[in-house]
Amino acid sequence: NEYKSYLSIVCITMDVKHSNNEYVSTKDSEQVSVVFSIQNHPSSLVKALTPFQENNLNMTHIESRPLAEDPNKYKFLVNLDIKDRDAEKRFQKAIEELRVICTADCVQVLTRRNSDNSVKKNEVPWFPIKIAELDRFANQILTYGSELDSDHPGFTDEVYRKRRKMFADIAYNYKHGEPIPTVTYSKEEIATWGQIITKLSGLFETHACKEFRKVWPLLVENCNYNKDNIPQLEQVSQFVKDCSGFTIRPVAGLLSSRDFLAGLAFRVFHSTQYIRHGANPFYTPEPDVCHELIGHIPLFCDPEFAAFSQEIGLASLGAPDEWIEKLATLYWFTIEFGVCMEDGCLKAYGAGCLSSIEELENCVSDKSKKLPFEPSQIAVTKYPITTIQPVYFVAPSFTEAKRKVREYSSQIPRPFTVHYNPYTESVELINKRENCLKMIRDLTSEMKTLEDAVSKLED
């Protein structure tokens, strides 16, 4: 029948530009997604789409899937382009009509609002559900990798600017599932890397946390970390995935906090591939491959730290803008500039510390202020971006930090909880009794496996 003909189609696209068969939103419009569920009856979908058609709204993408908790229902995702205020009014009218057809609790609006256009009541900021959906915002960067400020060390160096553009173009054209392209670094770039890794590696034994120290020699052995070679992102990504399930994705420039944190929810770390200018090897005004590979990657190999990082990412999905700012600040004082206690001594675990000689020495010295790890205080603390950090928050352990972040994140005003499914590499919304029961069944199965393992140990 007519309804089943819709259900047999995984994706329907209409009036939409394409690039490699992927959806690309028009530049002068805003993409809004609507998720709703309807009964499996003839003409139900046609009836549900009628409000959008009658209000002259441009539907660009439709997806359908069976509703796991109710075999008699299907869930639909509809993307629309909202081009102006008039379209916004028509959209709101259509949503009111759709809630009458489907009942209000079966309709959810996901939107990416600009900073001057706040999210309305009952709307949730759009976020990816499947890992492949990271492609949708990966190129919505705040600054392109080849765009340099006038005070940047490489601003007047045409050769350097061309190299930066080459790296940025590689990332811009990358799609999920593809191998990260191999790049050939110049002698000058390798020399810059060599100076940095040589100086820093001499401090790791006394200044870095034990988790970092454990992984560092493994990277030397398995990913060819040495002064004469800049490791390739693809090789490093495969190694990190084997260790913790995290992977690397190249990025063409600076992402917004919301988009970068969303990547962490899927155990994806967006990494630059270019290197800082050789004129000042121990300073960079933005993240580069030295910061990523030396500072971040070792701890993304640690399962406990990886889980802590993902916890911040999951908390960001669907969070209001003011909470994104708080979570980004939490990220800054942990993943970037985190300090922990180890056998009564201060040790660095933040990438900003571990990839900077000056920062690494400062974070464990008496010159900087140390405060206890309290997320509510951390989230509202201001920090400098281009100078050495004046204050650090000391975590007793990754486990305790993760617990406190999860407890703090529970305050985020969103009508659901999210759970990451590593088998499907997707996020599941836990907002109904059926979802909770499914999680309980999954946990029960895991507990039985654990119980069996313990009983064998006792024998």
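Note that the coordinates shown come from a computational prediction; the quantities given were computed from them, not determined experimentally.

What counts and what doesn't
- Residues numbered from 1 in each chain as written.
- Predicted model: local features only at pLDDT ≥ 70, side-chain atom pairs only at ≥ 80, totals over all residues.
- Heavy atoms only, no water.
- Pairing = 2+ DSSP bridges.
- Helix = DSSP H or I, 4+ residues; strand = E, 2+ residues; numbered from the N terminus.
- Axes fitted to C-alpha atoms, helices over the stretch in contact; angles between N-to-C directions.
- Parallel < 35°, antiparallel > 145°, perpendicular 65-115°, else oblique.
- Left-handed = near helix turned anticlockwise from the far one by under 90°.
- Contact = heavy atoms within 4.5 Å.
- Nonpolar A, V, L, I, M, F, W, Y, C, P; charged D, E, K, R; others polar.
- Buried < 20%, exposed > 50% of the residue type's maximum accessible area, 1.4 Å probe, protein only.
- Expected span 1.5 Å × (residues − 1).
- Polar contact = N/O pair within 3.5 Å; in protein donor to acceptor, adjacent residues only side chain to side chain.
- Phe/Tyr/Trp six-rings, centres within 6.5 Å; stacked < 30°, edge-to-face > 60°.
- Lys NZ or Arg CZ within 6 Å of the ring centre and 35° of its normal.
- Salt bridge = Lys/Arg side-chain N within 4 Å of Asp/Glu carboxyl O.

Attention now moves to the sheet that holds strand S13 (residues 339–342). One open sheet accounts for four strands, arranged S14-S13-S16-S15; its pairing is mixed. At either end of the open sheet lies a strand with only one pairing partner, and these are strand S14 (345–348) and strand S15 (369–372). Within this sheet the neighbouring strands show an average axis-to-axis angle of 40 degrees, counted without direction. Sheet analysis places S13 next to S14, joined by four bridges and oriented antiparallel.

Think of two packed helices as two axes; the pair is described by the angle between the axes and how far apart they sit. Between helix H5 (residues 187–201) and helix H10 (residues 289–300), the shortest axis-to-axis distance is 11 Å and the interhelical angle comes to 25 degrees. Here H10 runs roughly parallel to H5, going by the angle between their axes. When the axes of H5 and H10 are compared, the crossing they make is right-handed. Each of Trp-193, Ile-196, Ile-197 and Leu-200 in H5 lies in contact with H10, whose residues at this interface are Val-289, Cys-290, Leu-293 and Ile-294. Among the residues making up the contact of H5 with H10, the classes are represented as eight nonpolar, no polar and no charged.

Attention now moves to helix H9 (residues 257–265). The element H9 is largely enclosed, with a buried count of eight among its nine residues. Regarding H9, the residues found buried are Arg-258, Asp-259, Phe-260, Leu-261, Ala-262, Gly-263, Leu-264 and Ala-265. Phi turns positive, to about 60 degrees, at Arg-267, one or two residues after H9.

Buried residues dominate strand S6 (residues 73–82), accounting for nine of its 10 residues. Relative to S6, strand S5 (residues 58–66) runs antiparallel, the two sharing eight bridges. Looking at the pairing, Arg-65 lines up with Lys-75 of S6.

What follows concerns helix H3 (residues 85–102). Along its 18 residues, H3 runs 25 Å from first to last C-alpha, staying within 8% of the 26 Å computed at 1.5 Å per residue. Its side-chain oxygen at 3.2 Å from the backbone nitrogen of Asp-86, Asp-84 defines the N-terminal cap of H3. Thr-103 occupies a position one or two residues after H3 and carries a positive phi of about 75 degrees.

Summed over all chains, the structure comprises 21 aromatic pairs. Considering the side-chain rings of Trp-193 and Tyr-225, the 6.1 Å spacing of their centres and the 70 degrees angle between planes classify their relative orientation as edge-to-face. Of the two residues, Trp-193 is situated in helix H5 and Tyr-225 in the loop between helix H7 (210–222) and helix H8 (233–244); the sequence distance between them amounts to 32 residues. Residue Trp-193 shares its accessibility class with Tyr-225, and that shared class is buried. Pairwise contacts between aromatic rings join Phe-246, Phe-260, Phe-269, Phe-300, Phe-305, Phe-308, Tyr-331 and Tyr-349 into one cluster. Over the ring of Tyr-274 we find Arg-164, and its NZ or CZ is 3.6 Å from the ring centre.

Next up on the list: the side chain of Thr-272. Take Thr-272: it is sitting in the loop between strand S12 (268–271) and H10. Among the polar contacts listed, one links the side chain of Thr-272 to the backbone oxygen of Asp-288, at a separation of 3.4 Å. Contact partners of Thr-272, with chain neighbours within four places excluded, come to Leu-233, Val-251, Pro-287, Asp-288, Val-289 and Glu-292.

Another point: the pairing of strand S17 (residues 417–421). Sheet topology places S17 next to strand S18 (residues 426–430); five bridges connect them, and they run antiparallel. In the sheet register, His-419 faces S18, and the bridge partner there is Glu-428.

On to the environment of Lys-367, then. For Lys-367, the position within the fold is in the loop between helix H14 (357–363) and S15. Since its relative accessible area comes to 78%, Lys-367 is described here as exposed. In the structure, Lys-367 is positioned 24 residues away from Val-391 in sequence and 9.4 Å away in space, judged by C-alpha atoms.

Applying the stated criterion across every chain, the model contains 17 salt bridges. The residue Glu-374 makes a salt bridge to Lys-404 at a minimum N-O spacing of 2.9 Å. Of this pair, Glu-374 sits in the loop between S15 and helix H15 (375–378) while Lys-404 sits in helix H16 (residues 398–409), and the two are 30 residues apart along the sequence. Among the residues examined, Lys-404 registers a relative accessible area of 16% and is labelled buried. The residue Arg-403 makes a salt bridge to Glu-400 at a minimum N-O spacing of 2.6 Å. On the criterion of helical spacing, the pair formed by Arg-403 and Glu-400 is a turn pair, its members being three residues apart in helix H16. Through salt bridges that share partners, Glu-205, Arg-213 and Glu-342 make up one connected network.

In this section: the environment of Asn-226. Mapped onto the elements of the fold, Asn-226 is located in the loop between H7 and H8. In sequence terms Asn-226 and Gly-194 are 32 residues apart; their C-alpha atoms lie 7.3 Å from each other. Once residues within four sequence positions are removed from consideration, Asn-226 is found in contact with Trp-193 and Ile-197.

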